[in-house]
Amino acid sequence: MGAHPYWYVTKYTPDPDTALQELRQREFRAGRYNPVMPFLNFPVGPHSPAPGAQHDSIEEAFEDADADGTRSILDIQSVGDEPDFCVACPLDDDLLQELYGTTRPTRGMVLENMDFFEDLERGHGTYITLYQDGRPDEYLFAGYSFD
């Protein structure tokens, strides 16, 4: 079975790890992760199915998902500077420039061109700061599942 891409847009905070942890908690509470929901439809929005958490913690859900992973943002545990398993690192400025013609893309630009997935490995994640009117407004967190 092939890896499954996932992506989320969440509000900007000065610390991307804070935004990631809040997003992980939101999706955990909603129950939008494998094995509760084996396959999710993206993008996730306010009207997406939300059966509620079926585990006592994110760690328990991650263990129960086994080698498949949660196929969700729960697989990404932290923000870092270098690509690694379970880590979201910022998309390189050169790739931002290549894909969007700027290092400050808007939400629309990124959602229209998600070719950055071509450079992501299974179990790895990335994030992009999304701009509105020249100011940071949101993050897009994305990754590939393990399976």
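Just above sits the structure.
Rules and cut-offs
- The residue numbering used here restarts from 1 in each chain and proceeds along that chain's sequence as written.
- Given that the model is predicted, a residue must reach a pLDDT of at least 70 before its local features are reported, and side-chain atom pairs must reach 80 or more before they are shown or counted; all residues, however, enter totals for whole chains, interfaces and linings.
- For the side-chain quantities, the full set of heavy atoms in the structure was used; hydrogens and water were omitted.
- Think of it this way: a Phe, Tyr or Trp ring, Trp meaning its six-membered ring, pairs with another when their centres are within 6.5 Å, and the plane angle makes it stacked under 30 degrees, edge-to-face over 60, tilted otherwise.
- Runs of E in the DSSP output that reach at least two residues are strands. Runs of H or I that reach at least four are helices, and both are numbered from the N terminus.
- Here a patch means residues that are over 30% exposed by relative accessible area and free of salt bridges, tied together within 9 Å if like-charged and within 5 Å if nonpolar (Val, Leu, Ile, Met, Phe, Trp, Tyr).
- Each accessible area is a Shrake-Rupley estimate made with a 1.4 Å probe; only the visible protein chains count as cover when residues are assessed.
- For salt bridges, the criterion is a side-chain nitrogen of Lys or Arg within 4 Å of an Asp or Glu carboxyl oxygen.
- None of His or the chain ends enter the tally, which takes Lys and Arg as positive and Asp and Glu as negative.
- Charge positions come from single atoms, namely NZ of Lys, CZ of Arg, CG of Asp or CD of Glu.
- Disulfides are defined in this document as cysteine sulfur pairs within 2.5 Å.
- With a 1.4 Å probe rolled over the protein chains alone, any residue whose accessible area is under 20% of its type maximum counts as buried; one over 50% counts as exposed, and the rest are partly exposed.
- Note on contacts: a residue pair is in contact if any heavy atoms of the two residues lie within 4.5 Å.

Peer 1: Before we go on, may I ask you to explain the packing of aromatic side chains in this structure?
Peer 2: Describing an aromatic ring pair means giving the distance of the ring centres and the angle of the ring planes. Across all of its chains, the model carries 14 aromatic pairs by this definition. Taken together, a centroid distance of 5.3 Å and an interplanar angle of 70° make the contact between F117 and Y144 edge-to-face. With F117 in the loop between α4 (107–112) and β4 (125–132) and Y144 in strand β5 (residues 135–144), this pair connects stretches of sequence that are 27 residues apart. Taken together, the ring pairs in this structure connect Y6, W7, Y8, F42, F116, F117 and Y144 into an aromatic cluster.

Peer 1: Looking at this structure, I do not really get a negative patch on the surface. What am I missing?
Peer 2: Side chains of D92, D93, D94, E98, D115, E118 and D119 sit close together on the surface and give a patch of like negative charge. Along the chain, the position of D115 falls in the loop between α4 and β4.

Peer 1: Mind showing me how you'd approach the state of the cysteines here?
Peer 2: Each disulfide consists of one covalent bond between the sulfur atoms belonging to two cysteines. In total, this model carries zero disulfides according to the counting rule given. Here C89 stays unpaired: no disulfide links it, and the sulfur of C86, its closest cysteine neighbor, is 13 Å away. Residue C89 is classed as buried on the basis of its relative accessible area of 8%.

Peer 1: Could you clarify how one ought to interpret the side chain of H124 in this entry?
Peer 2: Mapped onto the secondary structure, H124 falls in the loop between α4 and β4. Residues within four places of H124 in sequence aside, it is in contact with Y6, I76, P83, D84, F85, V87, A142, G143 and Y144.

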